[in-house]
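So the chains spell out like this:
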Amino acid sequence: MKVDLHCHSHFSDGKQSPSFLLQRATEKKLTHLALTDHDCIDGLEALQSEAGDITIINGVELSCLWNTMEIHIVGLFIDPNNSHIEKLLASQQLQRENRAEAINKNLQKIGIDGLIPYLQSLPCTAYTRSHIADFLVQEKVCKNKQKAFKTHLGKRGRVYAAAGCCSLQEGITAILKASGVAVVAHPGRYSLSKTKLSSLLDDFKKCGGEAIEGSYSNIDPNMKAYLSRLAEEKSLYLSVGSDFHDAAATWTDIGKFPALDQQAIKNAIWLHPKWHS
């Protein structure tokens, strides 16, 4: 069995189509693939229809607010036709559109126009700052995406606008009502001390969360071992995923992340009852 339970298509901030992801997964000999686009599920139907021998797990990645910090929660095994998840995603997408419009107004104040037509020309459903960074690079406002975030889109940037999103409880509740399993995405990437990360996971579990990502692209070995211990301590499952966005970023290719070690495998997400239902 070879799995990747966290990847993105052009329906959110990925560069490629769901069909491309499936082709890539086939080339990498994956047995299970989850598409987890940011706040949208538009690519799931096409992926399921083209799946072939690969088992497709319906997924999504929700932006949620916890103690004023944005935390990403992956939902696996969700029913994409569930009214609760549909309602939440409509709200999340609207808030993304509102943020893009706010950034657009800030751009216009400094003489930069054309963002909204650019976004509307894309195949995406969920607008992200990554799309806006691409626009700034295309318009030669910024040299690259890193500069775009540093000078324009980050919290101290010239056109920054705050994100709006659901609470941690709201996100997890929607996943649960859609028959899914909630997973904290890439826990080691948040600016959290070990004490605060532990507090996040305690709150996450109280809300009904069941798993954390224990391995992902470029994870530090010490963090990987620490997350394995945390999952054991807090009785959480361990999920895995590349967080694939772009084939050009070879370090996050589909299926490319360190395997769980033997100690961690006993808490692997594929031992969850949902995996076999």
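On a predicted model such as this, the values are computed, not experimentally measured, just so you know. Within every chain, residues take consecutive numbers counted from 1 along the sequence as written. With the structure being a predicted model, the display of local features is reserved for residues of pLDDT at least 70 and the display and counting of side-chain atom pairs for 80 or more, all residues being used for whole-chain, interface and lining totals. Side-chain numbers come from the whole structure's heavy atoms, not from hydrogens or water.

Next up on the list: helix α6 (residues 145-153). Residue burial is assigned from relative accessible area. The probe radius is 1.4 Å, only protein chains are included, and a residue is buried under 20% of its type maximum, exposed over 50%, and partly exposed in between. Helix and strand assignments come from DSSP, with helices taken as H or I runs of at least 4 residues and strands as E runs of at least 2, each series counted from the N terminus. Listed as buried for α6 are Ala148, His152 and Leu153. The arc that holds the buried residues of α6, viewed along the axis, is 65°, so those residues lie on one side. In α6, the exposed residues that point more than 90 degrees away from the buried face are Gln146 and Lys150. Any two residues whose heavy atoms approach within 4.5 Å are treated as being in contact. Looking at the buried residues of α6, the elements they touch are α3 (83-109) and α5 (129-138). Where α6 begins, one side-chain oxygen reaches toward the backbone nitrogen of Gln146, 3.2 Å away; that side chain belongs to Asn144. In this description, the arc belongs to the directions extending from the helix axis to the C-beta atoms. Under the rule applied, a polar contact is a pair of N or O atoms within 3.5 Å (in protein, one hydrogen donor and one hydrogen acceptor; residues adjacent in sequence only if both atoms are side-chain atoms).

Let us look at the environment of Ile56. Within the element layout of this structure, Ile56 appears in strand β3 (residues 55-66). The buried category is assigned to Ile56, whose relative accessible area is 10%. Considering only alpha carbons, one finds Ile56 and Leu22, 34 residues apart in sequence, at a separation of 9.3 Å.

Two side chains that carry opposite charge are able to pair once their charged atoms sit near each other. For salt bridges, the criterion is a side-chain nitrogen of Lys or Arg within 4 Å of an Asp or Glu carboxyl oxygen. With the rule as written, the count across this model stands at 9 salt bridges. Of the charged contacts in the structure, one is a salt bridge between Lys28 and Asp253, with a shortest N-O distance of 3.4 Å. Within this pair, whereas Lys28 is found in the loop between α1 (18-27) and β2 (32-35), its partner Asp253 is found in the loop between β8 (237-241) and α10 (262-265), the two being separated by 225 residues in sequence. Residue Lys28 is classed as partly exposed on the basis of its relative accessible area, which comes to 32%. Note that Asp202 is salt-bridged to Lys234, the shortest N-O span being 2.8 Å. One end of the pair, Asp202, is in helix α8 (residues 194-206); the other, Lys234, is in the loop between α9 (221-233) and β8, and 32 residues separate them in sequence. You can call Asp202 partly exposed: its relative accessible area is 34%. The exposure class of Lys234 is buried, given its relative accessible area of 9%. One salt-bridge network, held together by shared partners, links Lys15, Asp134 and Lys145.

The subject of this paragraph is the packing of α8 against α9. Axis separation between α8 and α9 bottoms out at 12 Å; the angle between their running directions is 40°. Between α8 and α9, the crossing angle belongs to the class labelled oblique. Regarding α8 and α9, the two cross each other, and that crossing is right-handed. Between α8 and α9, the residues in contact are Lys194, Leu197 and Leu201 and Tyr226, Leu227 and Leu230, respectively. The nonpolar class holds Ala, Val, Leu, Ile, Met, Phe, Trp, Tyr, Cys and Pro. Asp, Glu, Lys and Arg form the charged class, and all remaining residues, Gly among them, are polar. Looking at the contact of α8 with α9, its residues break down into 5 nonpolar, no polar and 1 charged. Helix axes use the C-alpha atoms of the stretch in contact, all axes being lines fitted to C-alpha atoms, and the angles between their N-to-C directions lie in the range 0 to 180 degrees. Geometric relationships in this document are graded by angle, where less than 35 degrees denotes roughly parallel, more than 145 denotes roughly antiparallel, 65 to 115 denotes roughly perpendicular, and other angles denote oblique. In this scheme, a crossing is called left-handed if the near helix is turned counterclockwise away from the far one by less than a right angle; it is called right-handed if the turn is clockwise.

Working definition: a ring pair exists when centres of Phe, Tyr or Trp rings (six-membered ring for Trp) sit within 6.5 Å. Plane angles under 30 degrees give stacked, over 60 give edge-to-face, the rest tilted. Throughout the structure, instances matching the rule amount to 3 aromatic pairs. Ring geometry for Trp270 and Trp275: centres 6.4 Å apart, planes at 65°, overall edge-to-face. Here the aromatic cluster, defined as three or more aromatic residues joined through ring pairs, consists of Phe77, Trp270 and Trp275. Here the basic side chain of Lys194 rests over the ring of Tyr226, its NZ or CZ set 4.5 Å away from the ring centre. Placement of a positive charge over a ring is assigned whenever Lys NZ or Arg CZ falls within 6 Å of the ring centre and within 35 degrees of the normal to the ring plane.

In this section: the nonpolar core. Counting residues in each nonpolar core, the largest one holds 69 residues, and the members touching the most others are Leu33, Ile73 and Leu76. At 6 residues, β3 tops the list of elements feeding residues into this core. The residues contacting Leu33, other than those within four sequence positions of it, are Asp4, Cys7, Leu21, Leu22, Ala25, Leu47, Ile54, Thr55, Ile56, Ile57 and Ile254. Among the nonpolar cores identified, the runner-up in size contains 18 residues, and Leu119, Cys124, Cys142 and Ala148 belong to it. Think of a nonpolar core as a cluster: buried Ala, Val, Leu, Ile, Met, Phe, Trp, Tyr and Cys residues, connected wherever their side-chain atoms sit within 4.5 Å.

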